Amino acid sequence: MARKVIGIGETVLDIIFKNDQPTAAVPGGSVFNSLISLGRCGVQASFISETGNDRVGRTITEFLRKNGVDGSSVYVYPESKSPISLAFLNERNDAEYIFYKDHPNDRLEFTFPNIQPDDIVVFGSYYAVNPVIRPQVVGFLDYASQHGAILYYDVNFRASHRNEVMRLTPNILENLEYADMVRGSTEDFEVMFRKSYPETVYRTQIAFYTHNFICTQGANPVELRAEGGLKKQYDVAKTSGVVSTIGAGDNFNAGFVYGLIKNGITRQAIENGLTEKQWDSLIASAQQFSAEVCQSINNYVSPEFGNEMAKQLIM
């Protein structure tokens, strides 16, 4: 049976601005973007989320279907509007966000999908720590862990939630405890822990919960800390013609997960400690996806890139 990827996270419509003028509107959400890319690459994927009962919500659920992602666990709020995100690109094509959400009484409802050992669960962002839906999220993470899934946590904690850090810290730490692998950026850790130096973050905040830690730093090297004391830096390839960096981190995650499946890496292998060669391959895959998505205004890899990756998965 083919391994599956199950993501849980928010859905939004990203309206993208350049020079204060709207240039595109694309379905988005951190884990959503990862799942769309994986679906395009031939990976069996399903998504747990929520959306409004409106045109935007219908666009999002149809977009999942067209890209091969099972959206049967996306809960539609009967009387709510779907969330909107405004993304303003600066001269470096990095984005500043404003979010609009009309879900006053979140009550996420879904049926747990079938999870087999070595399936992969991707979770993160504010959605993974939101107190209102926390019981449902924890219930799912517990279920996934008990069924032998690999849990990949992308903290993705934005500065707009800085004033909630103290209230949300117990949820963040609980997520770290569930995770087999943790990825975050220096910006995330500066907001969450008031620390940004990767070694310090790992030693003081992460290592107690998991030894598998990836820290991205924009154009600066990716830092890895892993089981068995492995410590390594990976330079980020210089890419020309960057159009948007909105989906860079989400597709780093997608490429990493794709690498886990392509290389047949199991939860047992992770617990035993991956080799340096295995980590090299995973990070290379993550960076390949991340670089690809920066070449367009979209939040996910192109269908053409996905077709090529799907062929490699079958070989």
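Being a predicted model, the structure only gives us computed values, none of them experimental.

**Student:** Would you take a moment to explain the sheet that holds strand β12 (residues 220–226) for this structure?
**Tutor:** One key point about sheets: their strands pair by backbone hydrogen bonds, in either a parallel or an antiparallel sense. Spatially, β5-β4-β1-β8-β9-β10-β11-β12-β13 is the arrangement adopted by the nine strands of the open sheet, whose pairing is mixed. Here the strands that pair on one side only, and so sit at the sheet edges, are β5 (69–77) and β13 (230–234). On average, each strand axis in the sheet is inclined to that of its neighbour by 15 degrees, with strand direction left out of account. Taken together, the seven bridges between strand β4 (residues 44–52) and β5 define a ladder with parallel strand orientation. Bridged to Ser 49 within β5 is Val 74.

**Student:** What should I look at first to understand the environment of Val 293 in this one?
**Tutor:** On the secondary structure map, Val 293 appears in helix α9 (residues 276–293). The class for Val 293 is buried, based on a relative accessible area of 1%. A C-alpha to C-alpha distance of 7.7 Å links Val 293 and Thr 245, two positions 48 residues apart in sequence. When neighbours within four sequence positions are excluded, Val 293 is seen to be in contact with Ser 244, Gly 247, Ala 248, Asn 251, Asn 298, Asn 299, Tyr 300 and Val 301.

**Student:** How should the pairing of strand β11 (residues 213–217) be read in this particular structure?
**Tutor:** Walk down a regular strand and you will see the side chains alternate between the two sheet faces. For β11, the buried fraction is high: five of the five residues fall into the buried class. Alternating residues of β11 divide into Phe 213, Cys 215 and Gln 217 and Ile 214 and Thr 216, and every residue in both groups is buried. In this sheet, β11 lies alongside strand β10 (residues 181–185) in parallel orientation, the contact comprising four bridges. By the bridge assignment, Gly 184 is partnered in β11 with Cys 215. Relative to β12, β11 is paired through four bridges, and the arrangement is antiparallel.

**Student:** Help me out: how do you make sense of unusual backbone geometry in this one?
**Tutor:** A negative phi holds for most residues other than glycine; trans holds for most peptide bonds. Even without glycine at this site, Asp 118 takes up a positive phi of about 75 degrees. When you line up the elements, Asp 118 lands in the loop between β7 (95–102) and β8 (120–124). Even without a glycine there, the phi angle at Arg 194 is positive, about 60 degrees. Here Arg 194 is to be found in the loop between α5 (186–193) and α6 (198–206). When its relative accessible area of 75% is taken as the criterion, Arg 194 is described as exposed.

**Student:** Just to check I follow, could you spell out the packing of aromatic side chains for this structure?
**Tutor:** Two measures describe an aromatic ring pair: the distance that separates the ring centres and the angle between the ring planes. A complete count under the given rule lists 19 aromatic pairs for this structure. Both rings, one in Phe 123 and one in Tyr 153, keep their centres 4.8 Å apart while their planes meet at 10 degrees; by these two values the pair is stacked. Placement of the pair is Phe 123 in strand β8 and Tyr 153 in strand β9 (residues 150–154), with a sequence separation of 30 residues. Exposure remark for Phe 123: the relative accessible area of 0% places this residue in the buried category. Cluster of aromatic residues (ring-pair linked, three or more members): Phe 32, Phe 47, Phe 63 and Tyr 300. Seen from the ring of Tyr 97, Arg 158 lies directly overhead, with NZ or CZ sitting 4.4 Å from the centre.

Parameters and conventions
Residues numbered from 1 in each chain as written. Predicted model: local features only at pLDDT ≥ 70, side-chain atom pairs only at ≥ 80, totals over all residues. Heavy atoms only, no water. Pairing = 2+ DSSP bridges. Helix = DSSP H or I, 4+ residues; strand = E, 2+ residues; numbered from the N terminus. Axes fitted to C-alpha atoms, helices over the stretch in contact; angles between N-to-C directions. Buried < 20%, exposed > 50% of the residue type's maximum accessible area, 1.4 Å probe, protein only. Contact = heavy atoms within 4.5 Å. Phe/Tyr/Trp six-rings, centres within 6.5 Å; stacked < 30°, edge-to-face > 60°. Lys NZ or Arg CZ within 6 Å of the ring centre and 35° of its normal.

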